[in-house]
Amino acid sequence: MNRRLFIGGEWVEPDGGHYEVTDPATEQTVGWAPEASRDQVHAACAAARAAFGAWSATPAEERAAVLGRAAEIIRARLVPYAELARAETGATTGTARGMQVGVAAARFRRYARVEPAEWPIAPQINEAGPIGKAGVMGALAVRQPVGVVTCITSYNNPWANTVGKVAPALAMGNTVVVKPAPQDPLSVYRMAEALEEAGVPPGVVNVVSGRSAETGEAAVASPDVDMVSFTGSTAVGQRIAEVCGRAMKRQLMELGGKGAALVLDDADLGSAVAGIGTTFSFYSGQICTAPTRVLAQRGVYDRLVEHLADCAGRLKVGDPRERDTVVGPLISAAHRDRVESYVELGRKEGATVVTGGARPPMDRGFYVSPTLLADCTNDMRVAREEIFGPVVVVIPFDDEDEGVALANDSDYGLIDYVWSADVARAFRVARRLRAGGVGINTVGRNMEAPFGGFKKSGVGRDVGSYALHAYSEVQAIVWPG
């Protein structure tokens, strides 16, 4: 399957030819993705700029109707779309259907709901002065679209992550240029097909892919771009932010994480193990929200390590197409090598490899066994750096204050977790954590709650109505009453 770029409503042959997209479970070719040139990326940005005026002036109800139709098209094609996503990402069939394509359809449907874009501000009584007579001033705050938004998406979920940017951006009247992750861009072109079929006007959505860093750089630096929405590593986010800063471009950054999971001595260990164990199973740990850094109070430390080791040892690692597979492959051979190097580093730093630490006996595919590192300290690199794989580190602590201090002693602050049978205690601890989100006795999400990070985990908030704010500018209109 050879794909073409989607620019200005046309399917365009890539100047740079095509590159291979590999199934991380079988190491076989899934298809061939287009390699855009810098000129083609600039053409996509120019097309988005040309389309912005008409799209931003389109009534919100009509924009919403396009998103609603796209949701129905994606739902109708869930099985073939999920099969492609599974092949590109290595996700299990259930994850590809429910958490990738299913969530994408739900997000299009969510932003097909029109919300008020303006709200009144309380009148203000002004005394007479040098600039006018005394009077009552009315005011209105109005959300306006930012303009052209470059959306650079992550490889772990090409459907949900991309639609989570595109849908609210379009709903607010922006136009977009999507630069997918190079590892799995084919699904993103399926999204573009669905939007085209749903009636999105030419130039409103553009998709340009490529392995070269030049592709993303051009999509960020183009003078036609007003905002960049990026999901990925903190290091890349910092480079993007530098470019955006020079041109005063708006930015939304969802970056790395090293989620602390505080397990207090009164916690339900079954619940804690089930939540922390998702690091092993959900995308094989390739997710920034994973509770990868477990802080266990000493009263439960030994039992928690034992239960986590038992959990990791019982998870089936294998072909994600098989119904009972829980842990699939990592995205690439290079990333597998990186994760394995961290496990070896943990050994050298003095951590105990309780379980895992070696490749499973698979003939093909980029697999790493679920790995538990115990007896860690918070200054170890395995405890401080994002590994992005099925690796959990466990650190003991004595009292609540020490646990909070350890949790906050991190460059990251995306999502932390607290397990305690005392809900009031858990809420008290949660409010002390320097993280954009805190899960109490759960790793679940409320998809209307704001999502984003403190510190080096990002800038801004999205999801639900917060995403509409993220992809808009707020204008004040003032008049005499």
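Below you will find a few notes about this structure.

Some details on the overall build of the protein chain
- If you tally the helices and strands in the protein chain, you get 16 helices and 22 strands.
- Taking 2.2 N^0.38 as the reference for a compact globule, 481 residues should give roughly 23 Å; the C-alpha atoms of the protein chain span a radius of gyration of 24 Å, in line with that estimate.
- Overall, the C-alpha framework of the protein chain stretches about 70 × 60 × 40 Å when taken along its three principal axes.
- For the protein chain, the residues scored as buried account for 56% of the 481 residues in total.
- Contacts in the protein chain between residues at least 24 apart in sequence constitute 72% of all its contacts with a sequence separation of at least 6.

Overview of helix α12 (residues 333-349)
- Taking 1.5 Å of rise per residue, the 17 residues of α12 would be expected to cover 24 Å, and the 24 Å separating its terminal C-alpha atoms lies within 8% of that figure.
- For α12, every residue scored as buried is listed here: H335, R336, V339, Y342, V343, L345 and G346.
- Directly beyond the C-terminal end of α12, a positive phi value near 110 degrees is found at G350.

A look at unusual backbone geometry
- Positive phi values are uncommon outside glycine, yet K455 reaches one of about 50 degrees.
- Position of K455 among the secondary structure elements: in strand β20 (residues 454-455).
- Judged by its relative accessible area of 37%, K455 is partly exposed.
- One non-glycine residue, V463, adopts positive backbone phi at about 85 degrees.

Considering the sheet that holds strand β13 (residues 293-297)
- Spatial ordering of the open sheet is given by β14-β15-β16-β13-β12-β18-β19, a layout of seven strands whose pairing is mixed. Looking at which strands have only one partner, the edges of the open sheet turn out to be β14 (352-355) and β19 (437-440). Neighbouring strand axes in the sheet, compared pairwise and without regard to direction, differ in orientation by 25 degrees on average.
- Here helix α15 (residues 423-430) sits on the sheet and contacts β12 (260-263), β13, β18 (415-419) and β19; the angle it forms with β19, its principal contact strand, is near 165 degrees.

Notes on the pairing of strand β15 (residues 371-374)
- Burial of β15 is two-sided: the residues T371 and L373 facing one way and the residues L372 and A374 facing the other way are all buried.
- Alignment of β14 against β15, held across three bridges, turns out to be antiparallel. Looking at β15, one finds that T352 is bridged to A374.
- One ladder, built from three bridges, connects β15 with strand β16 (residues 391-397); its direction is parallel. Bridge pairing links L372 to V392 in β16.

Here's the deal with the packing of helix α9 (residues 269-276) against helix α11 (residues 298-314)
- Put simply, α9 and α11 touch, their axes get as near as 10 Å, and they point 50 degrees apart. In terms of their interaxial angle, α9 and α11 are classed as oblique. Between α9 and α11 lies a crossing whose hand is right-handed. Mapping the contact onto sequence places L269, V273 and I276 in α9 and V300, R303, L304, H307, L308 and C311 in α11.

Brief notes about the nonpolar core
- One finds F108, L170, V176 and L195 to be the most contacted residues of the largest nonpolar core, which totals 70 residues.
- The greatest single-element share of this core, amounting to seven residues, is contributed by helix α6 (residues 186-198).
- Residues contacting L170, with those up to four places away along its chain left out, are W55, R63, L67, V176, L195, V204 and V205.
- The next biggest cluster of nonpolar side chains, apart from the first, holds 38 residues, and it includes A272, A312, I331 and V392.

Quick notes on the side chain of R107
- Within the secondary structure, R107 is located in helix α4 (residues 93-110).
- Among buried Asp, Glu, Lys and Arg side chains, R107 stands out as unpaired, with D462 the closest opposite charge at 7.0 Å.
- In this view, R107 contacts A160, N161, V163, G164, A167 and M447; residues no more than four positions away in its chain are not counted.

Description of the sheet that holds strand β5 (residues 118-126)
- Read across the open sheet, the three strands follow the order β5-β6-β22; overall the sheet is antiparallel. The open sheet has two edge strands with one neighbour each: β5 and β22 (472-480). Adjacent strand axes in the sheet meet at a mean angle of 25 degrees when their direction is disregarded.
- Note: strand β6 (residues 135-145) against β22, nine bridges, orientation antiparallel. Paired with Q144 across the strands is E473, a residue of β22.

Section: the environment of A60
- Looking at the secondary structure, you find A60 in helix α2 (residues 60-76).
- Separated by 112 residues in the primary sequence, A60 and M172 have C-alpha atoms spaced 7.6 Å apart.

Reading the values: the criteria
- Residues numbered from 1 in each chain as written.
- Predicted model: local features only at pLDDT ≥ 70, side-chain atom pairs only at ≥ 80, totals over all residues.
- Heavy atoms only, no water.
- Helix = DSSP H or I, 4+ residues; strand = E, 2+ residues; numbered from the N terminus.
- Rg over C-alpha atoms; globule rule 2.2 N^0.38 Å.
- Buried < 20%, exposed > 50% of the residue type's maximum accessible area, 1.4 Å probe, protein only.
- Contact = heavy atoms within 4.5 Å.
- Expected span 1.5 Å × (residues − 1).
- Pairing = 2+ DSSP bridges.
- Axes fitted to C-alpha atoms, helices over the stretch in contact; angles between N-to-C directions.
- Parallel < 35°, antiparallel > 145°, perpendicular 65-115°, else oblique.
- Left-handed = near helix turned anticlockwise from the far one by under 90°.
- Core = buried A, V, L, I, M, F, W, Y, C linked by side-chain atoms within 4.5 Å.
- Lys, Arg positive; Asp, Glu negative; His and termini not counted.
- Salt bridge = Lys/Arg side-chain N within 4 Å of Asp/Glu carboxyl O.

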